[in-house]
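One-letter residues, chain by chain:
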Amino acid sequence: MKSAKGIVAAATATAASGCILLLALFFPVKQRVERVLAKARGEGGSVHDVRVLETPRRRIDVPPRPGLLALTSTRDMRDGIAARGKLLVASSGGVLVHDEAGHLERIMTWEHGLGSTITTALAEYRGMVAVGTADGSVTLLDAEDSRVARFQIGDAKEAAVTELVADGDMLYVGTSGLGLIAWDGRTAVATSFGDGREPPDITALARGPSGLAVGTSSGVLLRRGSGYLAPLDRGEGRKERVTALAWNGDALLVGTPFGLSQREAEGTWRKLLDGVLVTAILSDAVSGRLYVGTFDQGVIVLSPSGGERRLLGQERINRLRWVGDRPVAFGSGGAWDLSGHVATLLVPTGTSALSGPHVTALLHHGGAIWVGTQEDGVDVLRTDGSLSRHFPRPGFRKGASKITHLETLGETAGVLVSTREGILRVDSHGADDFRPSGERIPHEDVRAAAQLSGLVAVATTRGVAVYDPGGAVKTLTQREGLPDDQALAIAWGEGGRLFVGTRKGLAIFTRDMRLEKVVAPSPSGIGSAVITALAAANEGMYVGTHGGGVALVGEDGLAVNVSLELHDLVINPGALVLDRDRLHACTRGEGLLVLDRTTRRWRKLGEPLGSDNVTAVLPTDDALWIGTDRGLVKISRSLVEAALAPLPRS
């Protein structure tokens, strides 16, 4: 790897003034910032008050806690800057901190005080580093401390941070749902159009000689005045979604899904590139070159003479930055120095075990932890969290990216991998289609699979296929009694009965695949018709739903709601798991809930997981492996016991 020394050297000068600037941030006085914000509020409907919710300052050098291991995916690099002699890279799994030689020192996640693991933007602000995240927070990092701020407008939910631009005392925060937020470290307002319309979705920001240019999902805006956004060209400009902005002297470069244009200072437009989805722009004032990042064509370098050079093949580029005196591209495969005739890898990927941050399924098989992801297949981990292998192999014809379920066929027979593109059998020889009968399953969109003594039942969005050991296949659809052909969950119950959860209720079939009963939703039974998860126990079948909590269906087919005190509870797909005398329920928004199956009392895991959207759980002898949409956490049994807190009955 090329040394990064010199790239980060220019940033070390900011460290000396950090303490003074930090005091100014945490103890602001009445100055220009407050006057600007006060004037903005008086503009009459052109700004929206923003609540700033802050966490206490937290030290970032705390060592990892014993019994807790957080695993993320840092393979998608979103942004990067040089600060305090370090190269910091924002990724899908935290902030990567590199020393002057380019060596990775640490990966900062929610354990170290970040608001979220998925980081989206970086900026230097008042001697600190501002980190924007996917959950709408901005974390301010000093050399020793972190502070997290979240922005709320009325009842609106938090929106992901898309851009950060510092301008003196102000930090401008572009968001995907709350518009453009101006924050001085204490007080914040959201700007809108001059007529007081709702804040737009901000897709790009660029500070330049003519002001702050603001790109949105529907066009280009220029910030004018103190509290409003005035349309560029008085509403006559481009209407395409803006994907990137940069100033080229007095001219504004505008990237869209259809190419690159330049707006001259006098207001005329000129097309520079056509037919490319532009994701980032960087202007070199010395050489006159333009670096254009694209979605699937790498970096296009435009020279003043009209020449064109292409770098990085089909790489997806997220951001282009000056790091020291060198242009650097940040993308899905790493970070590259673009200063030479060829791109040089500066920061490689592969610094974390997970291929994707969104965990969808977990399985303990062959002494290893199998982790299904939404983004990129299955990672097989050793029990210490290190990566053993990944599949599918590059070029595998089925793709198998969006994993929905993992099911063991036995220690020697391999694993069934359900995906949105079909179902695979994976063993020591590799991965291939699961077609024991030579016939296709009802549909390629597979949601779950379950096996019992050689019988394999596969739930798809167009019914259920049941394969017997001899290769015969039985198809179950509405014609055979399913309430709906969209089967979302499946499990074998007592006596070989087959339980099928659909979008319109639960169906129970006998072992010879005759319909036994359809259990309709009711407030005291199955609380919602949308069945998302099933877990077989001695006392019956636990049924998880979307918005109706958890029910228990006994052998007589009667259902009892065991979560009446938990209103509107959403159980994630396939996310009910038995663990000794407990039932783990993975929820969307409420974290991990644990039911004592004997007393029917619920408790909640109070240990932070990096996300309240828990998608999978895997109990092992000494720990719980807990998957979320932000990564994977391994927590020792002792920590789990200490962190479980009772839920009051309503």
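Everything numeric in this text was worked out from a predicted model, so none of it was measured.

Enquirer: Would you take a moment to explain the pattern of salt bridges for this structure?
Expert: If you walk through the whole model with that rule in mind, you get 27 salt bridges. Of the charged contacts, one joins D167 and R207 as a salt bridge, the two residues approaching to 3.5 Å between their closest N and O atoms. In this pair, D167 sits in strand β13 (residues 161-167) while R207 sits in strand β17 (residues 202-208), placing the two residues 40 residues apart along the sequence. According to the relative accessible area criterion, D167 is partly exposed, its value standing at 33%. R270 is paired through a salt bridge with E264; the nearest N and O atoms lie 3.5 Å apart. You can call E264 buried: its relative accessible area is 18%. The network of salt bridges with common partners includes D79, E163, R319 and R321.

Enquirer: Looking at this structure, how should I read the environment of T243?
Expert: With respect to the secondary-structure elements, T243 resides in the loop between β20 (228-231) and β21 (244-248). T243 gets classed as buried once you look at its relative accessible area, which sits at 18%. Excluding residues within four positions of it along the chain, T243 makes contact with T203, A204, G255, T256, P257, L277, V278 and T279. At 2.4 Å, the side chain of T243 and the backbone oxygen of V278 are in polar contact.

Enquirer: I keep staring at the sheet that holds strand β24 (residues 269-274) and nothing clicks. Help me out?
Expert: Hydrogen bonds between backbone groups are what pair the strands of a sheet, and the pairing can be parallel or antiparallel. Ordered by their spatial adjacency, 4 strands build an open sheet running β21-β22-β23-β24, and the pairing between neighbours is antiparallel. Each edge of the open sheet carries a strand with a single partner, namely β21 and β24. Averaged over all neighbouring strand pairs, the angle between strand axes comes to 20°, with direction disregarded. Pairing analysis gives 5 bridges linking strand β23 (residues 259-263) to β24, with the strands arranged antiparallel. Looking at the pairing, R263 lines up with W269 of β24.

Enquirer: Help me understand the packing of aromatic side chains in this model?
Expert: By convention here, two paired aromatic rings are described through the distance between centres and the angle between planes. Inspection of the entire model under this criterion finds 2 aromatic pairs. Judged by centre distance (5.7 Å) and plane angle (65°), the rings of W370 and F391 are edge-to-face. Taken together, the residues W370 in strand β34 (residues 368-373) and F391 in strand β36 (residues 387-391) connect sequence positions 21 residues apart. With respect to burial, W370 and F391 carry one shared label: buried.

Enquirer: What's the story with the sheet that holds strand β4 (residues 68-71) in this structure? I'm lost.
Expert: Reading across the sheet, the 4 strands line up as β4-β59-β58-β57 and stay open at both edges, with antiparallel pairing between neighbours. A single partner strand is all that each edge strand has here, and the edge strands are β4 and β57 (614-619). On average, adjacent strands in this sheet sit at an angle of 15° to one another, irrespective of strand direction. Where β57 lies against strand β58 (residues 623-628), 5 bridges are found, and the strand directions are antiparallel. Its bridge partner lying in β58, L618 is registered against W625.

Enquirer: I'm lost on the side chain of D76 in this one. Help?
Expert: Structurally, the position occupied by D76 is in the loop between β4 and β5 (77-83). A relative accessible area of 15% places D76 in the buried class. In this structure the side chain of D76 is engaged in a polar contact, spanning 2.8 Å, whose partner is the side chain of N318. Discounting residues that sit within four places of it in the chain, D76 has contacts with A90, S91, S92, R316, N318, G331 and S332.

Enquirer: What should I look at first to understand the environment of G259 in this one?
Expert: Secondary-structure assignment places G259 in strand β23. A sequence separation of 16 residues divides G259 from T243, and the C-alpha atoms of the two residues are 9.7 Å apart. Ignoring anything within four residues of it in the chain, the contact list for G259 reads V254, K271, L273, D274, G275, V276 and V278.

What counts as what
- Residues numbered from 1 in each chain as written.
- Predicted model: local features only at pLDDT ≥ 70, side-chain atom pairs only at ≥ 80, totals over all residues.
- Heavy atoms only, no water.
- Salt bridge = Lys/Arg side-chain N within 4 Å of Asp/Glu carboxyl O.
- Helix = DSSP H or I, 4+ residues; strand = E, 2+ residues; numbered from the N terminus.
- Buried < 20%, exposed > 50% of the residue type's maximum accessible area, 1.4 Å probe, protein only.
- Contact = heavy atoms within 4.5 Å.
- Polar contact = N/O pair within 3.5 Å; in protein donor to acceptor, adjacent residues only side chain to side chain.
- Pairing = 2+ DSSP bridges.
- Axes fitted to C-alpha atoms, helices over the stretch in contact; angles between N-to-C directions.
- Phe/Tyr/Trp six-rings, centres within 6.5 Å; stacked < 30°, edge-to-face > 60°.

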